[in-house]
Amino acid sequence: PAPAMLSATMKLCCGIAHDHLRRLPGLKTTAVAAIQEDIRGLVTRGSHQLPSKISLYLQSLMGKETAPCPESAADISPSLCSSVELSYITQGERALQQALSILQQHRSWQAETMLDTGAAVSSAALPGLGRVFRAEVVLAVPVARLHQELFERMEQMPQWNPTLSQVKVLRHIGTDTVVTHEVTAPSPGNLVGQRDFVSVRHRGRRDTAIYLVGTATHAEPLPPQQGCIRAESRLSCMVLQPLAGDPGRTRLTWILSMDLKASSGTELGVFSLPQGWIPAAVVTRVLPQSQAEFIERLRRHLSAATGP
């Protein structure tokens, strides 16, 4: 069983910690690769069951060395994964565990008043995240099609979502983790102003659902801001589930918490932005409306792509 194998390989790594064995990088690399394989097995069965200390321990074992990255059977040759890349995988897994906890345990959602975009949006104030928004909608496409647009083809998003001027993948780590740079498009009359984000995005699966999570990260070298204010995605998670009894349709649940980066004016309840001072309540209203508008644009894009 995977837990037994994990226990054995952990003990092996503990033995490697002795000075007389630390000079055997091949053994160390093999042990870490075995741990990674067991962790991936646990994640496949349910990432919320994976102890966060395992990933931290893995990083401490790795140091500055390299080990084989998780790879699919379709990969031609193994890639090497640095401790920095492992940290991105860890960030993605932690974000996924946090999202699962919110989705499974939190119940105190309050409905947001929205324009008629077909999406139901609610919100809740959560410790460590502030106000989190949840959007729910059913889309007339299968999970695989939606997953392709939101993960595999994320760099093409600005073609159908005019609020984005760029989505660029800066780095691929394995098959399920990427580092991205996103830039919002300038818009006349937009009180919030132009923002950019550097994020780690991670893909997870559990039963028939696909989880697409994202959270702010640091990348070297940092992309130029080009006049934007660098904001942060505290947590984003899109859950794609086939509709019960109708696999040709998908239930999309999207939780989102963002830090749009206030200035020193926050203590006065306002944000200092290039366009001037605006109430913090306005920014709070922008996020759920942006979710609903994104979903509506996604719906139109999918409808146009499939055709009559």
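Reading the values: rules and limits
- Residues numbered from 1 in each chain as written.
- Predicted model: local features only at pLDDT ≥ 70, side-chain atom pairs only at ≥ 80, totals over all residues.
- Heavy atoms only, no water.
- UniProt positions renumbered as here; feature names shortened; annotations may be inferred.
- Phe/Tyr/Trp six-rings, centres within 6.5 Å; stacked < 30°, edge-to-face > 60°.
- Salt bridge = Lys/Arg side-chain N within 4 Å of Asp/Glu carboxyl O.
- Helix = DSSP H or I, 4+ residues; strand = E, 2+ residues; numbered from the N terminus.
- Buried < 20%, exposed > 50% of the residue type's maximum accessible area, 1.4 Å probe, protein only.
- Contact = heavy atoms within 4.5 Å.
- Pairing = 2+ DSSP bridges.

Going by the annotation in an unreviewed UniProt entry, the name recorded for the chain is Steroidogenic acute regulatory protein, mitochondrial, with Serilophus lunatus given as the source organism. Within the UniProt record for the chain, the comment given under Subunit (unreviewed entry) is "May interact with TSPO." Quoted verbatim from the Pathway (unreviewed entry) field of the UniProt record, the comment on the chain reads "Steroid metabolism; cholesterol metabolism."

J.: Before we go on, may I ask you to explain the packing of aromatic side chains in this structure?
T.: Any aromatic ring pair is given by two values, namely how distant the centres are and how the planes are angled relative to each other. Counted according to the given criterion, the structure contains two aromatic pairs. One aromatic cluster is present, formed by W160, W254 and F294 through successive ring pairs.

J.: Is there a simple way to think about the pattern of salt bridges in this case?
T.: Any two side chains of opposite charge can pair, so long as their charged atoms come close to each other. Applying the stated criterion across every chain yields a total of ten salt bridges. The partner of E152 in a salt bridge is R203, and the shortest N-O contact between them spans 2.7 Å. Separated by 51 residues along the polypeptide, E152 in helix α5 (residues 143-152) and R203 in strand β8 (residues 195-206) bring together distant segments of the chain. Since its relative accessible area comes to 8%, R203 is described here as buried. By sharing partners, the salt bridges in this structure join R145, E149 and R153 into a single network.

J.: What am I meant to see in the side chain of S257 here?
T.: Among the structural elements, S257 can be located in strand β12 (residues 246-259). Its relative accessible area of 0% is what places S257 among the buried residues. Not counting residues within four places of it along the chain, the set of residues in contact with S257 comprises L129, R131, V132, S233, R234 and L235.

J.: What is the right way to look at α5 in this model?
T.: Think of an α-helix as turning once every 3.6 residues; residues three or four places apart then point the same way. Taking burial as the measure, the ten residues of α5 include seven buried ones, the bulk of the element. Along α5, the residues classified as buried are V143, R145, L146, H147, E149, L150 and F151.

J.: What am I meant to see in the pairing of strand β6 (residues 164-173) here?
T.: Examined bridge by bridge, β6 and strand β7 (residues 177-184) share eight bridges and lie antiparallel to one another. Bridge pairing in β7 links H172 to V178. Taken together, β6 and the strand that follows it, β7, pair antiparallel across an intervening segment of three residues, in which G174 is found at a positive phi of about 65°.

J.: How should the pairing of strand β11 (residues 232-243) be read in this particular structure?
T.: Within a regular strand, side chains alternate between the sheet's two faces. Where strand β9 (residues 209-216) lies against β11, five bridges are found, and the strand directions are antiparallel. Along β11, the bridge assignment pairs G214 with S236. Of the pairings in the sheet, the one linking β11 to β12 comprises eleven bridges and is antiparallel in character. Bridge assignment links L240 to a residue of β12, and that residue is L252. Turn length for the β11-β12 hairpin, with the two strands adjacent in sequence and antiparallel, is two residues, and the turn residue G245 shows positive phi of about 80°.

J.: Any chance you could explain the environment of Q226 here in plain terms?
T.: Considering the arrangement of structural elements, one finds Q226 in the loop between β9 and β10 (229-230). For the pair formed by Q226 and V183, sequence separation is 43 residues and the distance between their alpha carbons is 9.6 Å.

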